[in-house]
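Structural overview for review
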Amino acid sequence: MKTLLQQHRYALGITLRRFLAQPFSSLSNLLVIALALAIPLLGASVLQSVQPVAREVSIQPELTLFLKIDITPAERAGLADRIKTEHADLIESVRVVPREAALAELKAHPAWSNALAALPDNPLPDAIVATLRDADDIAAQADLLARQWGQWPGVERVQLDSAWVQRLEALLRFARIGLGLLALGVALVVLATVFNTVRMQALSQREEISVARLLGATESFVRRPFLYQGALTCTLAALMAIVLSALALRPLNRALFDLARSYDAEFILRLPSGSWLLTAILAIALLGALSARWSVTRSTRF
């Protein structure tokens, strides 16, 4: 065990000396890999910051019936009762929103109060909000009900309120798939960069490796410094990518804060959790070591 530890310490020392012997080349490789890793890391930060907001929004479909301006309270109540009786198996609840209540709610919002105060009359119609029960074919049922209710007398328009939430979920799924493909592309970039770096290093030390083999050095002894080089390069690049991503999120969050404040909301982009980042660093280091092993095996066959 002591001998094995000494060999690993020796290999690590050689790797560090190689880094220091070519600082510009080493820093260039680190920067290239770090910039490549920062792209999916920023994408993961955006996705993980958006997902809690999307989960807080209910995707249970709600149908809003906007009624005609000249409809009477009795007709409005009749429509609400008709929804309850004819579709009792599909409807969970029905809520009537008078135009006066809708106007008061909008006036309480700072973004709308000034605009509505300039209007002489109430431009909003009466509305009926119907919440549907959860079911496997709820989307198809909601579309069917929207078409049917839109033809009823007294109904101006029917809106499916949760359609945008379903589109958001589909967009998030698309973004996750795209991020996965991007991460795969970055992994290939890391493999190629480490492979070429280790290959050039191995070719420049062919004579040294030949002498070491003549003196009885094992293949693992010859390969070990290169494995450390690949793993250490990817680890340092991953740490650099985290720092670059954190710096990039600062101006993005300042701009996003001003935008969210205009909507009376609060939203901030954050890096993934520490455990997620640690797992990513270990995976990238392993990827670098595997790429270095492949490269040095192919480059030292002589």
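Note that the structure is a prediction, hence the values are computed from the model and not measured.

1. Some thoughts on a nonpolar patch on the surface
Nonpolar side chains collect at one region of the surface, where Leu-31, Leu-35, Val-243, Leu-244 and Leu-247 lie side by side and expose about 410 Å² of accessible area between them. Looking at the nonpolar patch, the elements with two or more residues in it are helix 2 (23-56) and helix 9 (219-262). Tallying contributions element by element places helix 9 first for the nonpolar patch, with 3 residues. Counting through the fold element by element, Leu-35 comes out in helix 2. Residue Leu-35 is classed as partly exposed on the basis of its relative accessible area of 47%.

2. Considerations on the nonpolar core
One finds Ile-33, Leu-37, Val-190, Val-194, Val-198 and Ala-237 to be the most contacted residues of the largest nonpolar core, which totals 22 residues. Elements supplying a minimum of two residues to this core: helix 2, helix 7 (163-204), helix 9 and helix 10 (274-299). Here this core takes 7 residues from helix 2, the largest share from any one element. Those residues in contact with Val-194 that sit more than four places away from it in its chain are Ile-33, Gly-230, Cys-234, Gly-288, Ser-291 and Ala-292. Grouped together as the second largest cluster of nonpolar side chains are 19 residues, Leu-63, Ile-71, Ile-83 and Ala-146 included.

3. Focus on the packing of aromatic side chains
Under the counting rule described, the total for this entry stands at 2 aromatic pairs. An angle of 45° between the planes, with centres 5.9 Å apart, marks the rings of Trp-149 and Trp-152 as tilted. Neither residue differs from the other here; Trp-149 and Trp-152 are each classed as buried. With a centroid separation of 4.9 Å and an interplanar angle of 55°, the aromatic rings of Phe-195 and Trp-294 are classed as tilted. One end of the pair, Phe-195, is in helix 7; the other, Trp-294, is in helix 10, with 99 residues separating them in the sequence. A relative accessible area of 15% means that Phe-195 is categorised as buried.

4. Notes on the pairing of strand 3 (residues 127-132)
Of all the 6 residues making up strand 3, 6 are buried; the element is thus mostly covered by neighbouring parts of the structure. Here strand 3 shows a buried face lined by Ala-127, Val-129 and Thr-131 and a second buried face lined by Ile-128, Ala-130 and Leu-132. Alignment of strand 1 (residues 62-67) against strand 3, held across 5 bridges, turns out to be antiparallel. By the bridge assignment for strand 3, Leu-63 is matched with Ala-130.

The rules behind the values
Residues numbered from 1 in each chain as written. Predicted model: local features only at pLDDT ≥ 70, side-chain atom pairs only at ≥ 80, totals over all residues. Heavy atoms only, no water. Patch = residues over 30% accessible without salt bridge, like charges linked within 9 Å, V, L, I, M, F, W, Y side chains within 5 Å. Areas by Shrake-Rupley, 256 points an atom, 1.4 Å probe, with all protein chains shown as cover. Salt bridge = Lys/Arg side-chain N within 4 Å of Asp/Glu carboxyl O. Helix = DSSP H or I, 4+ residues; strand = E, 2+ residues; numbered from the N terminus. Buried < 20%, exposed > 50% of the residue type's maximum accessible area, 1.4 Å probe, protein only. Core = buried A, V, L, I, M, F, W, Y, C linked by side-chain atoms within 4.5 Å. Contact = heavy atoms within 4.5 Å. Phe/Tyr/Trp six-rings, centres within 6.5 Å; stacked < 30°, edge-to-face > 60°. Pairing = 2+ DSSP bridges.

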